Amino acid sequence: MAARRRVQQGARLALAMALLPTATLSAGSRAWAAGTRPCERVVVSGDADYEPLSWFDGREMQGAAETIVGAALGRIGVPFEMQYVGPFKRVLADAEVGDVDVVAELKKTPEREAFMAFSSTPIFVNPVAIFTHRARHLKLARREDLVGLRGGIVIANQFGGDLDAFINARLSVEEVPRLDLGLKMLAEGRLDYFITSYYPGMTYLLDQGWETAYTIQQPYIVATDNFVGISRQSRCFAELQALDRALAEMAREGEIARLFDAATADWRRRAAQSE
């Protein structure tokens with residue numbers, strides 16, 4: 001029964017996930033294979049705590065974002081490896097100096113654009129939600145309702161849509177290393193609310209069987225696109241244009257949607273088998 005419940009929960013979550021396959025550019029270049037590019041391989045990493053979109057399973061990086069990026073790099077003939085390098089803050093620090101070439105999924109912000117370029121084709125939309133514990137009976141319909149309360153976010157998370165500026169200027173938030181810790185702090189009464197991306201947050205609650213103990217405040221506080229990013233310090237920086245064309249073509253063909261569905265289905269199978 002528990003396994004069936006988890007499969008059903010995973011199916012409900014997957015049905016809520018949205019994609020934006022809008023661009024229609026041509027296929028990427030195969031020039032890498034001819035030896036005309038300045039680097040030998042691309043290091044790809046992502047958020048290790050962003051399940052089911054991106055996560056580390058203890059052996060390797062997994063998720064819909066890694067699957068999509070890997071397929072796009074394969075289209076342009078670029079050798080690559082998926083690397084786990086640590087928490088997302090470390091991923092961004094490594095991208096800033098070029099040790100990570102490609103970040104599989106992240107939101108576009110002015111701070112990140114200083115050291116990363118972004119694909120023009122988004123790979124999915126991930127709304128950001130305010131999570132609260134039902135025991136508090138809070139109703140937080142506007143971001144202004146958060147002023148004066150104790151909040152939390154995951155270290156290095158940025159949300160876009162001017163929310164980051166609002167958090168810095170108006171809110172008192174504690175940064176925590178991982179999403180699960182923030183949600184546990186809500187249950188313990190150490191935080192009044194926790195801001196995180198809806199799908200990873202809901203995934204964790206469904207995985208633990210805690211979804212009825214928490215409230216996802218409506219409406220979402222912001223909903224922005226997630227993109228593929230490439231380090232401006234990467235020796236492979238010239239490949240971004242070809243990677244972007246490949247992503248655009250994949251979106252037009254429906255390949256991004258197919259890969260996304262397959263990756264989330266795999267996540268549901270793994271979740272059921274872990275029961």
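Coordinates for the structure precede this section.
For the structure given in this document, a descriptive report is provided here.

The rules behind the values
Residues numbered from 1 in each chain as written. Predicted model: local features only at pLDDT ≥ 70, side-chain atom pairs only at ≥ 80, totals over all residues. Heavy atoms only, no water. Core = buried A, V, L, I, M, F, W, Y, C linked by side-chain atoms within 4.5 Å. Buried < 20%, exposed > 50% of the residue type's maximum accessible area, 1.4 Å probe, protein only. Helix = DSSP H or I, 4+ residues; strand = E, 2+ residues; numbered from the N terminus. 1 Å grid on protein atoms, 1.4 Å probe; cavity = no way out; pocket = protein on both sides within 12 Å on 5 of 7 lines; lining within 4 Å. Points joined across faces, edges and corners; volume = space filled by probe spheres on them. Arc of directions from axis to C-beta. Contact = heavy atoms within 4.5 Å. Axes fitted to C-alpha atoms, helices over the stretch in contact; angles between N-to-C directions. Parallel < 35°, antiparallel > 145°, perpendicular 65-115°, else oblique. Left-handed = near helix turned anticlockwise from the far one by under 90°. Nonpolar A, V, L, I, M, F, W, Y, C, P; charged D, E, K, R; others polar. Phe/Tyr/Trp six-rings, centres within 6.5 Å; stacked < 30°, edge-to-face > 60°. Lys NZ or Arg CZ within 6 Å of the ring centre and 35° of its normal.

### Some words on the nonpolar core
Line of reasoning, step 1. Counting residues in hydrophobic clusters, the biggest one holds 32 residues, and the most contacted among them are Ile 68, Leu 73 and Ile 123.
Line of reasoning, step 2. Mapped by element, the contributors of at least two residues to this core are strand 1 (42-45), helix 2 (64-75), strand 6 (102-106), strand 13 (222-231), helix 8 (240-253) and helix 9 (255-273).
Line of reasoning, step 3. With seven residues, the single largest contributor to this core is helix 8.
Line of reasoning, step 4. Residues Phe 131, Leu 179, Tyr 198 and Ile 216 belong to the second largest nonpolar core, which totals 18 residues.

### Observations regarding empty space enclosed by the protein
Line of reasoning, step 1. Within the structure shown, the criterion is met by two cavities of 30 Å³ or more.
Line of reasoning, step 2. Considering only enclosed or pocket space, the largest cavity measures out at about 100 Å³ in volume.

### Here's the deal with helix 5 (residues 163-170)
Line of reasoning, step 1. Along helix 5, the residues that are buried comprise Leu 163, Asp 164, Phe 166 and Ile 167. Mapping the buried residues of helix 5 onto a view down its axis gives an arc of 160°, with all of them on the same face. Facing away from the buried side of helix 5 by more than 90 degrees, the exposed set consists of Asn 168 and Ala 169.
Line of reasoning, step 2. On its buried face, helix 5 sits against strand 8 (124-133), strand 10 (172-176), strand 11 (193-197) and strand 13.

### Some points on the packing of helix 2 against helix 8
Line of reasoning, step 1. Where helix 2 meets helix 8, the closest approach of the two axes is 9 Å, and the angle between their N-to-C directions is 115°. It follows that helix 2 is roughly perpendicular to helix 8 by the angle criterion. Two packed elements cross with a definite hand, and for helix 2 against helix 8 that hand is right-handed. Here helix 2 contributes Ile 68, Ala 71, Ala 72, Leu 73 and Arg 75 to the contact with helix 8, which in turn contributes Leu 243, Ala 246, Leu 247, Glu 249, Met 250 and Glu 253.
Line of reasoning, step 2. Partitioned by chemical class, the residues of the contact of helix 2 with helix 8 number eight nonpolar, no polar and three charged.

### Here we look at the packing of aromatic side chains
Line of reasoning, step 1. All told, the structure shown has five aromatic pairs when counted by the stated rule.
Line of reasoning, step 2. For the pair Phe 56 and Tyr 84, a centre-to-centre distance of 3.9 Å together with 10° between the ring planes defines the contact as stacked. With Phe 56 in strand 3 (residues 54-56) and Tyr 84 in the loop between strand 5 (80-82) and helix 3 (88-97), this pair connects stretches of sequence that are 28 residues apart.
Line of reasoning, step 3. Residue class for Phe 56 comes out partly exposed when judged on its relative accessible area of 25%.
Line of reasoning, step 4. An aromatic cluster is present here, built from Tyr 198, Tyr 199 and Tyr 220 joined pairwise through their rings.
Line of reasoning, step 5. One residue, Lys 108, lies across the ring of Phe 227, its end atom 4.5 Å from the ring centre.
Line of reasoning, step 6. When the ring centre of Phe 166 is taken as origin, the NZ or CZ atom of Arg 143, which lies over that ring, is 5.4 Å away.

All quantities given are derived from atomic positions and should not be read as evidence of function.
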